[in-house]
Amino acid sequence: MSEPIEQTPFSFGPSDATELAENPEQRCPCVLLLDTSGSMAGPPIKELNEGLRAFQEELAADSLARKRVEIALVTFGPVKLETDFVTAENFEPPILTAGGDTPMGAAVQLAIELVARRKDVIRQHLGPTMCLRPWIFLVTDGGPTDEWHSAATKVQEGDNDQKKAFSFWAVGVRGANMDVLSQISRRPPVSLDGLRLRDMFVWLSSSLSGVAKSQSGAQVQLSAPDWTSVSS
Amino acid sequence: MKFPTWAFTNASAIGTSHQRRGEECQDSSLVVAPRGCPEHLGNPIIAAVADGAGTARYAADGSSTAIRVLKEEICRILTSPSGVLTESGLKSAVLMAANHVDGLALQRGHASREYASTLICVVLMHDHAWHIQVGDGAAVFGYGENRVVSYWPAKGEYGNETFFITDENFQEQLHIHRLDQLPDDVTLFTDGLEGIALNLATQEAHLPFYESFYRVLSQREAGYQLDLENHLKEWLQSDLVNSRTDDDKSLVLISRTRPSRQSIS
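Every chain begins its residue count from 1, and numbering advances along the sequence as written. Starting at A for chains and at 1 for ligands, labels are handed out in the order in which the entities are written. Given that this is a predicted model, residues contribute local features only at a pLDDT of at least 70 and side-chain atom pairs are listed and counted only at 80 or more, while totals for whole chains, interfaces and linings are drawn from all residues. Note: side-chain values were computed over all heavy atoms of the structure, leaving out hydrogens and water.

Examining the interface of chain A and chain B
Part 1 of the argument: Any two residues whose heavy atoms approach within 4.5 Å at even a single point are treated as in contact. Between chain A and chain B, the contact holds 39 residues from the first and 39 residues from the second.
Part 2 of the argument: Summed over both partners, the accessible area (1.4 Å probe) lost when two parts come together is defined as the buried area. Carbon and sulfur atoms make up 53% of the area that chain A and chain B hide from each other, which totals about 3,100 Å².
Part 3 of the argument: In this structure, E161 of chain B and K164 of chain A form a salt bridge, with 3.3 Å as the shortest nitrogen-oxygen distance.
Part 4 of the argument: Residues adjacent in sequence count toward polar contacts only when both atoms are side-chain atoms; beyond that, a polar contact is any pair of N or O atoms within 3.5 Å, and within protein one must be able to donate a hydrogen and the other to accept it. Where chain A packs against chain B, one counts 18 residue pairs in polar contact (both at pLDDT 80 or more).
Part 5 of the argument: We call Asp, Glu, Lys and Arg charged. Ala, Val, Leu, Ile, Met, Phe, Trp, Tyr, Cys and Pro are nonpolar, and the rest, Gly among them, are polar. A breakdown of the residues in the side of chain A that touches chain B according to their chemical character gives 16 nonpolar, 12 polar and 11 charged. Any Lys or Arg side-chain nitrogen found within 4 Å of a carboxyl oxygen on Asp or Glu counts as a salt bridge.

Listed below in structure tokens is the structure:
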């Protein structure tokens with residue numbers, strides 16, 4: 001009697017992870033630049049904290065973005081680096097408290113330095129094409145209490161189609177000095193009516209996820225106040 | 001003189017990011033054996049892949065038009081009495097494809113950049129090959145146990161930036177290279193598969209990736225392998241692949257066939 005012949009199942013293409021190359025993920029660094037000055041006390045800071053949690057949860061739920069988006073958290077005033085860059089899956093939002101003035105100029109300059117250094121670190125350690133254009137995302141409810149014109153110049157110099165050092169976005173919640181914001185930010189700042197910070201953070205996480213993946217990040221726009229309508 | 005013959009297949013599949021947004025696949029691919037070539041050319045093969053830019057609204061039209069026009073022009077040259085392909089002839093063919101895409105945009109009242117696309121093309125002759133490339137993705141050439149990536153995916157400053165045939169100065173990014181040794185197999189893919197087919201740190205092809213295809217394809221008879229196309233489509237949309245990329249994916253596989261066996265008398 002002949003033994004039944006064992007058939008190897010037909011396979012065309014890699015059938016498990018060992019046949020795929022292993023490469024580090026590209027990184028998209030994002031600095032959250034958050035106003036925690038005295039005027040944010042009460043509902044605003046509560047909304048901000050909830051928004052931060054939603055932001056982390058949304059990103060962590062995305063299998064690719066959780067590894068690719070890196071978050072650093074800077075609060076002001078005083079200017080404080082709350083969290084240095086970590087991937088979204090490892091980001092633990094701190095509970096922020098309000099109090100202090102609004103040294104926005106210094107905070108913006110710190111953010112710009114942070115992304116510049118991070119880009120070098122990523123390129124050196126992961127590879128020259130492993131960094132995606134970083135984001136700086138400013139949220140404020142007031143106006144700067146420090147010198148801010150130098151910061152504005154640096155933003156203009158870095159965020160443009162030639163230099164493309166970073167993409168800078170500004171959101172003003174109730175009470176924000178939109179005029180100053182529009183001088184700092186090349187992109188028109190968005191005025192957030194009410195405190196829909198959670199929606200804003202969900203939009204941000206979605207946009208970052210998009211940028212962190214296949215799309216080239218050129219044309220993302222904020223469309224206020226409906227955070228769900230973004231053209232890219 | 002016995003000319004080499006080829007077994008080949010290809011597929012493109014939509015990426016999960018486009019699927020989620022109800023958008024179409026912006027990748028295009030083809031592999032053909034043009035008919036009507038002068039005999040002395042043997043059995044040439046034209047293969048191409050193209051990846052429409054994510055931010056370009058009509059990128060799917062851009063990529064499909066680019067490879068179609070390029071293929072048609074190369075076919076026209078190959079089926080002409082001399083059938084001679086030269087670097088300048090290929091450059092003209094690429095320009096023609098780029099102009100065609102621009103013309104299409106113009107006709108429709110759109111900006112060319114809405115049709116932005118990368119472009120990779122390989123032409124296999126009987127004793128040499130041509131490789132054309134604008135942008136990222138790659139063509140990987142198999143020689144014995146080696147797999148050679150002679151032109152690394154071209155990227156801009158950031159990892160998700162590349163060059164397109166609709167760029168004003170795309171000719172500066174146009175790579176045309178004659179391979180003086182005919183490969184045993186050729187693989188073309190767009191950037192969606194770079195992360196699993198290439199070792200980015202060492203800038204080398206990841207050999208097991210190709211082996212898993214060519215141990216099957218190299219055993220086939222000449223011609224387009226329709227059944228393998230179905231397997232390929234399935235594989236491109238598998239969880240294994242989609243866990244590593246959410247981009248559109250294209251893959252062209254071409255293998256020299258084994259020498260034909262003599263029939264036993």
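Following the structure, the description resumes.
Quick notes on the confidence of the model for chain B
Residues and elements named next belong to chain B.
Part 1 of the argument: Averaged over chain B, the pLDDT score is 94; the fraction of residues at 70 or greater is 97%.
Part 2 of the argument: Along the chain, pLDDT gives the predictor's confidence residue by residue, from 0 to 100. Contacts of residues 261-265 to residues separated by more than four positions or lying in other chains number zero contacts, the stretch itself having pLDDT below 50.
Part 3 of the argument: Complex prediction metrics read pTM 0.86 and ipTM 0.88.

Quick word on the packing of helix α3 (residues 104-126) of chain A against helix α4 (residues 149-158) of chain A
Residue and element names in this part refer to chain A.
Part 1 of the argument: Think of each axis as a best-fit line through the C-alpha atoms, taken over the contacting stretch in the case of a helix, with angles from 0 to 180 degrees between the N-to-C directions. Elements are defined by DSSP. Helices are runs of H or I of four residues or more, strands are runs of E of two residues or more, and each kind is numbered from the N terminus. With their axes 8 Å apart at the nearest point, α3 and α4 run at an angle of 30° to one another. For the element pair α3 and α4, the recorded crossing hand is left-handed. Contacts between α3 and α4 involve G105, V108, Q109 and I112 from the former and S150, A151, K154 and V155 from the latter.
Part 2 of the argument: Of the residues belonging to the contact of α3 with α4, the class tally is four nonpolar, three polar and one charged. By definition, any crossing whose near helix is turned counterclockwise from its far helix by less than a right angle is left-handed, and any crossing with a clockwise turn is right-handed.

Examining the packing of aromatic side chains
Part 1 of the argument: Two rings from Phe, Tyr or Trp (for Trp, the six-membered ring) form a pair when their centres are within 6.5 Å of each other. A pair whose planes differ by under 30 degrees is stacked, one over 60 is edge-to-face, and the rest are tilted. Tallied over the full model, the rule gives 12 aromatic pairs over all chains.
Part 2 of the argument: Seen in terms of ring centroids, F209 of chain B and Y210 of chain B are 5.1 Å apart; in terms of plane orientation they differ by 75°. Their pairing is edge-to-face. Like Y210 of chain B, F209 of chain B is buried.
Part 3 of the argument: Aromatic ring contacts, followed pair by pair, group F12 of chain A together with F209, Y210, F213 and W235 of chain B into a single cluster.
Part 4 of the argument: Any Lys NZ or Arg CZ that is within 6 Å of a ring centre and within 35 degrees of that ring's normal is treated as a charge sitting over the ring. Across from the ring centre of W169 of chain A, 4.5 Å away, lies the NZ or CZ of R187 of chain A, which sits over that ring. Categorising residues by exposure relies on relative accessible area from a 1.4 Å probe, with only protein chains included: less than 20% of the type maximum marks a residue as buried, more than 50% marks it as exposed, and the intermediate range marks it as partly exposed.

Concerning the pattern of salt bridges
Part 1 of the argument: The final tally for this structure, using the stated rule, is 27 salt bridges over all chains.
Part 2 of the argument: In this structure, E157 of chain B engages R123 of chain A in a salt bridge whose closest nitrogen and oxygen atoms are separated by 3.5 Å. Here R123 of chain A lies in helix α3 and E157 of chain B lies in the loop between β7 (146-148) and β8 (175-179), a pairing that spans two chains.
Part 3 of the argument: Given a relative accessible area of 33%, E157 of chain B falls into the partly exposed group.

A word on the sheet that holds strand β6 (residues 138-143) of chain B
All names here are of chain B.
Part 1 of the argument: If you trace the six strands from one edge of the open sheet to the other, you get β7-β6-β9-β13-β1-β12, paired in mixed fashion. With partners counted over all chains shown, the strands left at the sheet margins are β7 and β12 (223-224), one partner each.
Part 2 of the argument: Judged from the five bridges that link them, β6 and strand β9 (residues 185-189) form a sheet pairing that is antiparallel. By the bridge assignment, F141 is partnered in β9 with V186.
Part 3 of the argument: The sheet strands contacting helix α5 (residues 207-217) are β1 (6-13), β6, β7, β9 and β13 (249-256), and the helix crosses β13 at an angle near 55°.
Part 4 of the argument: Packing of helix α6 (residues 226-236) onto the sheet brings it into contact with β1, β12 and β13, and relative to β1 it is tilted by some 35°. When DSSP locates at least two bridges between a pair of strands, those strands are taken to pair.

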